[in-house]
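Reading the structure
The lines below spell out each chain.
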Amino acid sequence: MTRNREPSIDHFLRIVLPPVLCGAGLLGGLTIGGDIIYFSGVWNQFDRVMGMSLNSLNTLDLITAIAPFAIVIGCGWLGARGGMALLAKVEF
């Protein structure tokens, strides 16, 4: 016969802590990325480019249109990676 173990706080933390830290890091990174593009003025450039016709866009305009997405995705990735790195330091 096997004996059923009672759930412990360690078992709960091992299940819950990884997604919570990863999600918190991702949300923090996305927030920081959004703030960066808003305060740097890149968002205004994105709005200007989106109002132009595709035939009149040059390479610099396309890079300017893609930059906000790259910044937000990069910051979100770094935040999630930071959350998982923090989790690696936690000992149960």
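Residues numbered from 1 in each chain as written. Predicted model: local features only at pLDDT ≥ 70, side-chain atom pairs only at ≥ 80, totals over all residues. Heavy atoms only, no water.

A word on the environment of Leu27
Looking at where Leu27 falls in the secondary structure, it is placed in helix H1 (residues 9-40). Sequence separation of Leu27 and Trp77 is 50 residues, and the distance between their C-alpha atoms is 9.8 Å. (Helix = DSSP H or I, 4+ residues; strand = E, 2+ residues; numbered from the N terminus.)

Quick word on H1
For H1, with 32 residues, the first-to-last C-alpha span of 44 Å sits near the 46 Å given by 1.5 Å per residue. The sharpest bend along H1 reaches about 35° and sits at Val16, with the proline Pro18 one to four residues further on. Listed as buried for H1 are Leu17, Leu21, Gly25, Gly29, Gly33 and Ile37. The inward-facing, buried residues of H1 contact helix H2 (42-50) and helix H3 (59-89). Just beyond H1, the residue with positive phi is Gly41, at close to 90°. (Expected span 1.5 Å × (residues − 1). Bend = angle between axes of the 7 residues up to and from the residue. Buried < 20%, exposed > 50% of the residue type's maximum accessible area, 1.4 Å probe, protein only. Contact = heavy atoms within 4.5 Å.)

Some words on the environment of Asn44
As for its placement among the helices and strands, Asn44 is situated in helix H2. The spacing of Asn44 and Ala65 is 21 residues in sequence and 9.9 Å in space, taken between C-alpha atoms.

What about the confidence of the model for the protein chain?
Per-residue confidence for the protein chain averages 82 on the pLDDT scale, and 95% of its residues sit at or above 70. At the level of individual helices and strands, the protein chain shows its lowest average pLDDT in H2, which scores 75, and its highest in H1, which scores 87. (pLDDT = per-residue confidence, 0-100.)

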